[in-house]
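What follows is each chain in one-letter form.
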Amino acid sequence: MAAVFAAGVGAGAINSVVGSGTLITFPVLLATGLSPVTATVSNALGLIPGSISGAVGYRQELRGQRRRVLKLGSGALVGGFAGAALLLTLPADAFETIVPVLVGLALLLVAFQPQIGRLVQRRRARTGTSPRRDGGPLLFTGLTLASVYGGYFTAAQGIIYLSLMGMLLDEPLQRLNGVKNVLAAVVNTVAALFFVFAADLEWTAVGLLAVGSGLGGYAGAKVGRHFSPTALRTLVVTVGTVALVQLLLR
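Rules behind the numbers
Counting restarts for each chain: residues are numbered from 1 in the order of the written sequence. Since the coordinates come from a predicted model, pLDDT governs what is reported: local features require at least 70, and pairs of side-chain atoms require 80 or more to be given and counted, while whole-chain, interface and lining totals use all residues. Hydrogens and water are ignored here; the side-chain numbers use all heavy atoms of the structure. A helix here means a DSSP run of H or I that spans at least four residues, while a strand means a run of E at least two residues long, and both kinds are numbered starting from the N terminus. The buried label applies to any residue whose accessible area, calculated with a 1.4 Å probe on protein chains only, is under 20% of its type's maximum; exposed applies above 50%, and partly exposed to all values in between. Every residue pair with non-hydrogen atoms within 4.5 Å of one another is taken to be in contact. In short, Shrake-Rupley with a 1.4 Å probe defines the accessible areas, and a residue's cover is counted only from the protein chains shown. Take the number of residues in a helix, subtract one, and multiply by 1.5 Å to get its expected span. By salt bridge we mean one thing: a side-chain nitrogen of Lys or Arg within 4 Å of a carboxyl oxygen of Asp or Glu. Surface patches are defined over residues having more than 30% relative accessible area and no salt bridge, joining like charges when they lie within 9 Å and nonpolar side chains (Val, Leu, Ile, Met, Phe, Trp, Tyr) when within 5 Å. In this scheme Phe, Tyr and Trp rings, the latter by its six-membered ring, pair at centre separations within 6.5 Å, and the angle between planes marks the pair as stacked below 30 degrees, edge-to-face above 60, and tilted otherwise. To obtain an axis, a line is fitted to C-alpha atoms, over the contacting stretch when the element is a helix, and the angle between two such axes runs from 0 to 180 degrees between their N-to-C directions. Roughly parallel means an angle under 35 degrees; roughly antiparallel, over 145; roughly perpendicular, 65 to 115; everything else is oblique. In a left-handed crossing the near helix is turned counterclockwise from the far helix by less than a right angle, and in a right-handed crossing that turn is clockwise. Classes in brief: Ala, Val, Leu, Ile, Met, Phe, Trp, Tyr, Cys and Pro nonpolar; Asp, Glu, Lys and Arg charged; the others, Gly included, polar.

1. Concerning the overall build of the protein chain
Piece 1. Counting secondary structure elements, the protein chain contains 12 helices and 0 strands.
Piece 2. Listing every helix and strand of the protein chain by position from the N terminus yields α-α-α-α-α-α-α-α-α-α-α-α.
Piece 3. In the protein chain, which comprises 250 residues, the share counted as buried stands at 54%.
Piece 4. Within the protein chain, contacts between residues at least 6 apart in sequence are counted, and of these 84% link residues at least 24 apart.
Piece 5. For the protein chain, the accessible surface area stands at approximately 11,200 Å², while carbon and sulfur atoms represent 68% of it.

This is the structure we're talking about:
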C-alpha cells in the first residue's frame, strides 16, 4: 500500500510537468499481483485527481485558452472513450510495436521544437499566412488519435500531446503544458468512467493512487510552471527517453 501511494505521488507530479507517470505506477501495480488489464483500468481511475490538480496548478497558463481547450477537449473525449473500448477488445500486446515508435517520434519533435518553429515561421512569412489559434484540422485529428492511445494505456501520452501542439501552435511551452493537463484529465476521466461499468477494478489501489496523484499533481504543477522553456524541454526529453527505454525493454 505504501508503494502504491508513493507511486501515485510520483506519477501525479511527473504527469503535471511532463507525462509518463504511468510508467511508474503500472509496474508497481503489476508487482502487487494485479493482472495487466486490471492494473491499467485501476491506474486510469486512480490518476484522475492528479490530472485535475495538475490542470488547476496550471490555471494561470490556461487563461485565454478556453475556446482552444473546449475544441481539443472534445476530440480527447471521443478518443479516450475509443481507446478504453479498444483495451477491453484488442489483445494485450496490440500496441507493443507502435507505442515505442510514437514515443520516439514525439521526443524528436519536442527536442527540435525551436528549429521546427523557426522553419514554420519562415514558411508563413513567405506565403503570407498566419497561424491558426486552434492548430487547424491537423492538430485536432492528431490529438484525437493520441487520445485513443491515451485511453488504451496513457504512458507518454502527455509527451505526444506536447510534441503535436508545439509543432502546430505558436505558444510558449508552459501554456501548452496547461492544455496538455486538461486533455489528459478528460481522457483519464472518460476512460475511467467506461471502465467502472465494463471492467474489474482494484478499489484499494484506486484510492491510494487517487490521493497520492492528487497531491503530487498539484505539487508538480507549482514547481514545474516556473521552469524555463529550455529546462522544461530538457526534462520532457529526459523523462521521455527513460520511458522509451522502459517500453522497449518490456
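There is more to say, and it comes next.
2. Examining helix H5 (residues 66-87)
Piece 1. An ideal rise of 1.5 Å per residue puts 32 Å on 22 residues; H5 measures up with 31 Å between its terminal C-alpha atoms.
Piece 2. Within H5, the full set of buried residues consists of Arg68, Val69, Leu72, Gly73, Gly75, Ala76, Gly79, Gly80, Gly83, Ala84 and Leu87.
Piece 3. Structurally, H5 contributes buried residues whose contacts are with helix H3 (36-46), helix H8 (136-152) and helix H10 (173-198).

3. Description of H8
Helical periodicity: at 3.6 residues per turn, an α-helix aligns residues three or four positions apart in one direction.
Piece 1. With 17 residues, H8 extends 25 Å from end C-alpha to end C-alpha; this agrees with the ideal 24 Å at 1.5 Å per step.
Piece 2. Among the 17 residues that make up H8, 12 are buried, leaving the element largely enclosed by the rest of the structure.
Piece 3. Looking at the residues trailing H8, positive phi occurs at Thr154, about 85°.

4. Regarding the pattern of salt bridges
Piece 1. Per the counting criterion, the structure on display carries 3 salt bridges.
Piece 2. Between Glu61 and Arg225 there is a salt bridge; the shortest N-O distance is 3.1 Å. Here Glu61 is found in the loop between helix H4 (48-57) and H5, whereas its partner Arg225 is found in the loop between helix H11 (203-224) and helix H12 (229-249), with 164 residues between them in sequence. Here Glu61 matches Arg225 in class, with each residue buried.

5. Describing the side chain of Glu61
Piece 1. We classify Glu61 as buried; its relative accessible area is 11%.
Piece 2. Among residues more than four places away in sequence, those in contact with Glu61 are Gln174, Arg175 and Arg225.

6. Quick look at the side chain of Thr144
Piece 1. Here Thr144 is to be found in helix H8.
Piece 2. Assessed through its relative accessible area of 16%, Thr144 is described here as buried.
Piece 3. With residues near it in sequence (within four places) discarded, Thr144 still touches Gly75 and Gly79.

7. A look at a nonpolar patch on the surface
Piece 1. Among the surface-exposed residues, Phe5, Val211 and Leu215 lie close enough to one another that they form a single nonpolar patch of about 270 Å² accessible area.
Piece 2. Residue position: Phe5 is located in helix H1 (residues 2-17).
Piece 3. Given the relative accessible area of 31%, Phe5 is considered partly exposed.

8. Quick notes on the environment of Thr89
Piece 1. With respect to the element layout, Thr89 can be found in the loop between H5 and helix H6 (98-111).
Piece 2. According to the relative accessible area criterion, Thr89 is exposed, its value standing at 61%.

9. Considerations on the packing of aromatic side chains
Piece 1. Across all of its chains, the model carries 2 aromatic pairs by this definition.
Piece 2. Here the aromatic rings of Phe81 and Phe194 are separated by 5.1 Å at their centres, their planes lie at 85°, and the arrangement is edge-to-face. On the criterion of sequence distance, the pair formed by Phe81 in helix H5 and Phe194 in helix H10 is long-range, its members being 113 residues apart.
Piece 3. Geometrically, the ring pair formed by Phe194 and Phe195 is edge-to-face, given 6.2 Å between the ring centres and 75° between the ring planes.
Piece 4. Counting every residue linked through ring pairs, the aromatic cluster contains Phe81, Phe194 and Phe195.

10. Some thoughts on the environment of Ala191
Piece 1. Mapped onto the elements, Ala191 comes out in helix H10.
Piece 2. Spatially, the C-alpha atom of Ala191 lies 9.8 Å from that of Val78, the residues being 113 residues apart in sequence.
Piece 3. Those residues in contact with Ala191 that sit more than four places away from it in its chain are Gly80, Ala84 and Gly151.

11. Remarks on the packing of H1 against helix H2 (residues 22-31)
Piece 1. Look at H1 against H2: their axes get within 8 Å of each other, and the N-to-C directions meet at 165°. Put simply, H1 runs roughly antiparallel to H2. In this structure, the crossing between H1 and H2 has a hand that is left-handed. Across from Ala3, Val4, Ala7, Gly8, Gly10, Ala11, Ile14 and Asn15 in H1, the residues of H2 making contact are Thr22, Ile24, Thr25, Val28 and Leu29.
Piece 2. A per-class count over the contact of H1 with H2 returns 8 nonpolar, 5 polar and no charged.

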